[in-house]
Every structure is written in structure tokens, then in C-alpha cells.
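Geometric and topological summary
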Amino acid sequence: MRETVTCVVAEDEQLFRDALLELLRQEWPALSIVAACDDGGAALEAIGEHKPDVAFLDIRMPGLTGLEVARIATEASPRTHIVFVTAYDQYAIDAFEQ
């Protein structure tokens, strides 16, 4: 039997965070969401604590950006896969370069 896949979601806009959480629950029922954060610092803390399989990070958040969280998280949880989420085209290129 396959292990449960764990994730952290970080999005500062509550409406978008709630929508992403709902979409993940619908499309990936076996996914265990271990933390939903509203800023980069909380996301980094959750990633360090839970060491999730995947982290969905908004690129533009208060405090640490998603890009900064991703850079730092590679040391705290090297096996965590990062998925960047953003509503801003201009940040997509930065995310791909990461």
C-alpha cells in the first residue's frame, strides 16, 4: 500500500488559500494537508516541522517570499518537492529559474 503524501500550503490571500485547499481535497483525496499557512515564515516553520512530500508556495507573501522559503527549505527538508502558485505572470519566470 502506498504511503500517504503530505503537503504544506502557503498562500497569504485567504480566498485563494481556501480555494486551493478545496481543489486539492477534491482532486487528490489521499493527500494529507499537514499545514495551511498565510505567510512565508509560517510556511518555512511548517516545512521544517513536518518535512512534507510537497509544498505549494505562493510566490508573493508577507515576510519571506515563496522563492525565499524554497531556497531555505531545501536545507531543512531536502526531499520536499516545491510547487509555486501565483496569480502574477511576472513571477512565473523567477519561479522556473528556481
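Before going further, it helps to examine unusual backbone geometry. With phi around 45°, Lys 51 is a residue other than glycine that occupies positive phi space. Residue placement: Lys 51 occurs in the loop between α2 (40-50) and β3 (54-58). Take Lys 51: its relative accessible area is 36%, and that puts it in the partly exposed class.

Here we come to the pattern of salt bridges. On inspection of all chains with the given rule, the structure shows 1 salt bridge. With a shortest N-O distance of 2.4 Å, Asp 53 and Arg 79 are connected by a salt bridge. Separated by 26 residues along the polypeptide, Asp 53 in the loop between α2 and β3 and Arg 79 in the loop between α3 (66-76) and β4 (81-85) bring together distant segments of the chain.

Turning our eyes to something else, we now look at α2. Those residues of α2 that sit buried are Gly 40, Ala 43, Leu 44, Ala 46 and Ile 47. Viewed end-on, α2 has its buried residues packed into an arc of 165°, placing them on one side of the element. Exposed residues on α2 whose side chains face more than 90 degrees from its buried face are Glu 45 and Glu 49. Looking at the buried residues of α2, the elements they touch are β1 (5-10), β2 (31-37), β3 and α3. Count one or two residues on from α2 and you reach Lys 51, which has phi positive near 45°.

Rules used in this analysis
Residues numbered from 1 in each chain as written. Predicted model: local features only at pLDDT ≥ 70, side-chain atom pairs only at ≥ 80, totals over all residues. Heavy atoms only, no water. Helix = DSSP H or I, 4+ residues; strand = E, 2+ residues; numbered from the N terminus. Buried < 20%, exposed > 50% of the residue type's maximum accessible area, 1.4 Å probe, protein only. Salt bridge = Lys/Arg side-chain N within 4 Å of Asp/Glu carboxyl O. Arc of directions from axis to C-beta. Contact = heavy atoms within 4.5 Å.

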